[in-house]
Amino acid sequence: MSAVELFVGLKIPDTTAITTFHTIEKMGYKIGKVKREMYYKFEIDGDAEKFSKKIGKVDVLVNANKNKFSHVLEKDADAVYVLVSDTDDKCEGLMHVLKERLELKEITSMEKGVLWALYIDAADKEKIAKEIASKLLHNENYQEIKIV
Amino acid sequence: MSKIAVILFPGINCENETARAIESVGMKADIVRWNDTRNLDSYDGYVLPGGWSYEDRIRAGVIAAKDPVMNIIKEEAEKGKVVMGICNGCQIIVESGIIPGLQDKVQMALAPNKNPFVSGFYCTWIKIKNFSKKKNAFNLKLNEGEVMNVPIAHGEGRFATKDETLVRYLLANDQLLFRYCDETGNIADKFPANPNGSLINIAGIVNKKGNVLAMMPHPERAAWMRQVPGMHSNGESAGPGRKIFESIREYLK
């Protein structure tokens, strides 16, 4: 058993991140930039390296015309990374597509979420990021957050 | 004649049919842009219609919920004016904390649908039941236990909360106005009666005072019989959803 992570971002302008940036500013926070990526984690029964090569070519997850991807999170020092995921989402629909239609049979389970990078220039940036997340980026009634 | 403002956020797309349903019961409806708040307090009520405000960015309704116009609507609701959110409007009202409104925070969510057959957006006709024993601004023209045929069209319509005591409060306060049910009015907590896996079949919630409603189904799309499947021959007569708008009119008299 091994785990493979996949971070999928946009190479075209991310309008959701732009709107989020403006909303955070309107809420009264000083913020430099907002970035967003889709996050997937696959538990697999097989060769992680081979799987990593295959999963980056699955256009259900990565559309080469607009997306870029990596298997490692390259962190910026001045950003706080907040992962938002749905508490009861077992990704059953997506996993069915990957395993049955695209024949990625080695997947045993998967997780997904939205990874936000909040660029905050303050000593207590993690505290501010958590506050922004609780007010805007996640609804605690069905989602959870993790500072990555 | 009562005057209702239909609030148009960017991405909303049900403003015209909502205004028509309001006018069909003899009220005046003005479509008001979210950033034109001049004279907004002159209206007797506010309807937030369906659509995709801000393209559902982040999650449905949350960006509109942070807009300054919602502070005005909250203040007007506290004065006792009528506020109704339909579909995306429902999501906005819940994300703003106005519904259920028992604490000064967001107590509920409209989570992604749970449906055994269809993932994501789901559009169909369903049955809802007037579950409230109390009269409020939205059920004055409905009989207790009345079952209505109305459509839904959403991907994030599952009422959810992490507060286990909240449902008990809502039941005790008679705030669960509409619940999904089957043809006979039985609140069956299974698909297809419960089309999105909503917590105890919740389809619409009112605030404690009964002047604010957040509902996922679309009553404005069932305001004429010609809109109801199989009832087209009755054409221009009133459809089941119109009773909600008639109730608002009676409440405002």
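Predicted model, so just to flag it, every value in this text is computed and none were measured.

Time to look at the layout of surface pockets. Its volume calculated, the largest pocket comes out at about 1500 Å³. Contributing to the lining of the largest pocket are 49 residues, with Asp86(A), Asp89(A), Lys112(A), Pro112(B) and Glu156(B) lying nearest its centre. Contributions of two or more residues to the lining of the largest pocket are made by strand E1 (2–10), strand E2 (33–44), strand E4 (79–86), helix H3 (92–101) and strand E5 (107–119) of chain A. Of the pockets and cavities examined, the second largest pocket occupies roughly 520 Å³. Lining the second largest pocket are 23 residues, and of these Gly9(A), Lys35(A), Arg36(A), Glu37(A) and Lys68(A) lie nearest its centre. Listing elements by their share of the lining of the second largest pocket, those giving two or more residues are E1, helix H1 (15–26), E2, strand E3 (67–70) and E5 of chain A.

Here we take up the environment of Lys74(B). Residue and element names in this part refer to chain B. For Lys74, the location among the structural elements is in helix H3 (residues 68–78). The class of Lys74 is partly exposed, set by a relative accessible area of 27%. When the C-alpha positions of Lys74 and Val212 are compared, they lie 9.7 Å apart, and in sequence the two are 138 residues distant. Once you skip the residues sitting within four places of it in the chain, Lys74 turns out to touch Ser96, Ile98 and Asp104.

This next bit is on the confidence of the model for chain A. Here chain A averages 96 in pLDDT, and 100% of its residues register 70 or above. Mean pLDDT in chain A bottoms out at H3(A), which sits at 92, and peaks at E4(A), which reaches 98.

Let's shift gears to the packing of aromatic side chains. Evaluated as defined, the whole model comprises six aromatic pairs over all chains. Centroid distance Phe7(A) to Tyr39(A): 5.3 Å. Interplanar angle 50°. Geometry classified as tilted. Linking Phe7(A) in strand E1 with Tyr39(A) in strand E2, this pair joins segments that are 32 residues apart in sequence. For Phe7(A), a relative accessible area of 4% puts it in the buried group. Connected via pairs of aromatic rings, a cluster forms that spans Tyr40(A), Phe42(A) and Phe51(A). In this arrangement the basic side chain of Lys3(B) is found over the ring face of Tyr43(B), its NZ or CZ atom lying 4.7 Å from the centre. Note that Arg242(B) overlies the ring of Trp224(B), its terminal NZ or CZ placed 4.9 Å from the centroid.

Right, let's get into helix H4 (residues 125–137) of chain A. The terminal C-alpha atoms of H4(A), which comprises 13 residues, lie only 16 Å apart, well short of the 18 Å expected from a rise of 1.5 Å per residue. The complete set of buried residues in H4(A) reads Ile128(A), Ala129(A), Ile132(A), Ala133(A), Leu136(A) and Leu137(A). All buried residues of H4(A) lie within an arc of 140° about the axis, which places them on one face of the element. Against H1, E4, E5 and strand E6 (143–147) of chain A together with helix H2 (62–65) of chain B lie the buried residues of H4(A).

On to the interface of chain B and chain A, then. Listed as interface residues are 23 residues of chain B and, on the opposing side, 18 residues of chain A. Summing both sides of the interface, chain B and chain A together bury roughly 1600 Å²; the carbon and sulfur share of this comes to 52%. Area buried by chain B at its contact with chain A is led by Arg57(B), Ile58(B) and Arg59(B), which between them contribute 37% of it. Between chain B and chain A we count four salt bridges in total. Across the salt bridge formed by Lys105(B) and Glu140(A), the nearest N and O atoms sit 3.9 Å from each other. Summed over the shared surface of chain B and chain A, the result is 14 residue pairs in polar contact (both at pLDDT 80 or more). Breaking the side of chain B that touches chain A down by element, the ones donating at least two residues are H2, strand E5 (109–111) and strand E8 (158–160) of chain B.

Our focus in this paragraph is the packing of H1(A) against H4(A). To describe two helices that pack against each other, one gives the angle between their axes and the distance between the axes. All names here are of chain A. Relative to each other, H1 and H4 sit at 110°, their axes nearing to 11 Å. Taken as axis vectors, H1 and H4 run roughly perpendicular relative to one another. On H4, the residues that touch Thr20, Thr23 and Ile24 of H1 are Ile132, Leu136 and Leu137. A breakdown of the residues in the contact of H1 with H4 according to their chemical character gives four nonpolar, two polar and no charged.

This paragraph deals with the sheet that holds strand E6 (residues 122–130) of chain B. Residue and element names in this part refer to chain B. One open sheet holds the nine strands; their spatial order is E2-E1-E3-E4-E11-E10-E9-E6-E7, and the pairing between them is mixed. At either end of the open sheet lies a strand with only one pairing partner, and these are strand E2 (28–33) and strand E7 (147–154). Here the strands of the sheet are splayed against their neighbours by 25° on average, with no regard to which way each runs. Pairing of strand E9 (residues 176–181) with strand E10 (residues 202–206) involves three bridges; the strand directions are antiparallel. Considered in E10, the bridge of Leu176 is made with Ile205. Here H3 sits on the sheet in contact with strand E1 (3–8), strand E3 (45–48), strand E4 (82–86) and strand E11 (212–215), set at roughly 135° to E3. Against the sheet, helix H6 (residues 242–252) touches E1, E4, E7, E9 and E11, its axis set at about 165° to E4.

Calculation notes
Residues numbered from 1 in each chain as written. Chains lettered and ligands numbered in written order. Predicted model: local features only at pLDDT ≥ 70, side-chain atom pairs only at ≥ 80, totals over all residues. Heavy atoms only, no water. 1 Å grid on protein atoms, 1.4 Å probe; cavity = no way out; pocket = protein on both sides within 12 Å on 5 of 7 lines; lining within 4 Å. Points joined across faces, edges and corners; volume = space filled by probe spheres on them. Helix = DSSP H or I, 4+ residues; strand = E, 2+ residues; numbered from the N terminus. Buried < 20%, exposed > 50% of the residue type's maximum accessible area, 1.4 Å probe, protein only. Contact = heavy atoms within 4.5 Å. pLDDT = per-residue confidence, 0-100. Phe/Tyr/Trp six-rings, centres within 6.5 Å; stacked < 30°, edge-to-face > 60°. Lys NZ or Arg CZ within 6 Å of the ring centre and 35° of its normal. Expected span 1.5 Å × (residues − 1). Arc of directions from axis to C-beta. Buried area = accessible area lost by both parts, 1.4 Å probe. Salt bridge = Lys/Arg side-chain N within 4 Å of Asp/Glu carboxyl O. Polar contact = N/O pair within 3.5 Å; in protein donor to acceptor, adjacent residues only side chain to side chain. Axes fitted to C-alpha atoms, helices over the stretch in contact; angles between N-to-C directions. Parallel < 35°, antiparallel > 145°, perpendicular 65-115°, else oblique. Nonpolar A, V, L, I, M, F, W, Y, C, P; charged D, E, K, R; others polar. Pairing = 2+ DSSP bridges.

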